[in-house]
Amino acid sequence: MAIHENLLGGPPPTHLPDDPEPRELLASGTAPADVAAKYPASSLAWAQLADEAFEAGRVVESYAYARTGYHRGLDALRRSGWKGHGPVPFEHEPNRGFLRALHALARAAQAIGEQEEYERCSQFLRDSSPTAANTLG
């Protein structure tokens, strides 16, 4: 039996392809807005923008950045074979941008009183990756 065999019969985990350039630029201190402008498909850059805006009290801006990162991530997931449900492991680093954007969207939705969206996004995060839900808060 393979170690990673899915015994529950659900869809296999989705692993986004690695896109190291945006991650490396962000890690080296490049401004997230510059990274998002150069790599607009990078959920990680949008998630970082959402986090910075939220921390500065700009929750509507955070919501907009998070929604962009979330949708760019959904596009990437679909291109990787995701069918709308199933695991998106936080342990696979390229998935973290999408998961961070999803978390940021839930957080910002709650802050602006969008309770239904907050609950939907929070559940989606837990269903996609319990590790991400626990790690990101």
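Residues numbered from 1 in each chain as written. Predicted model: local features only at pLDDT ≥ 70, side-chain atom pairs only at ≥ 80, totals over all residues. Heavy atoms only, no water.

As named in an unreviewed UniProt entry, the chain is DUF3151 domain-containing protein, taken from Streptomyces mashuensis.

A. Region of interest: the layout of surface pockets. There is about 400 Å³ of room inside the largest pocket. Leu16, Pro17, Asp19, Ser43 and Pro94 are the residues nearest the centre of the largest pocket, which is lined by 20 residues in total. Listing elements by their share of the lining of the largest pocket, those giving two or more residues are helix 1 (20-27), helix 3 (43-55), helix 4 (59-79) and helix 5 (96-111). For the lining of the largest pocket, the element with the highest residue contribution is helix 4, accounting for 4 residues. For the lining of the largest pocket, the per-class residue count stands at 8 nonpolar, 5 polar and 7 charged. Taken together, His103, Ala106, Arg107, Gln110, Tyr118, Ser122, Leu125, Arg126, Ala133 and Gly137 make up the lining of the second largest pocket. (1 Å grid on protein atoms, 1.4 Å probe; cavity = no way out; pocket = protein on both sides within 12 Å on 5 of 7 lines; lining within 4 Å. Points joined across faces, edges and corners; volume = space filled by probe spheres on them. Helix = DSSP H or I, 4+ residues; strand = E, 2+ residues; numbered from the N terminus. Nonpolar A, V, L, I, M, F, W, Y, C, P; charged D, E, K, R; others polar.)

B. A look at the pattern of salt bridges. The final tally for this structure, using the stated rule, is 8 salt bridges. Two residues, Arg67 and Glu117, come together in a salt bridge whose shortest N-O distance is 2.0 Å. Here Arg67 is found in helix 4, whereas its partner Glu117 is found in helix 6 (residues 115-128), with 50 residues between them in sequence. Shared partners join several salt bridges into a network, and the residues in it are Asp18, Arg23 and Glu93. (Salt bridge = Lys/Arg side-chain N within 4 Å of Asp/Glu carboxyl O.)

C. How the structure looks around the side chain of His103. Here His103 is to be found in helix 5. Those residues in contact with His103, other than ones at most four positions away along the chain, are Leu125, Leu136 and Gly137. (Contact = heavy atoms within 4.5 Å.)

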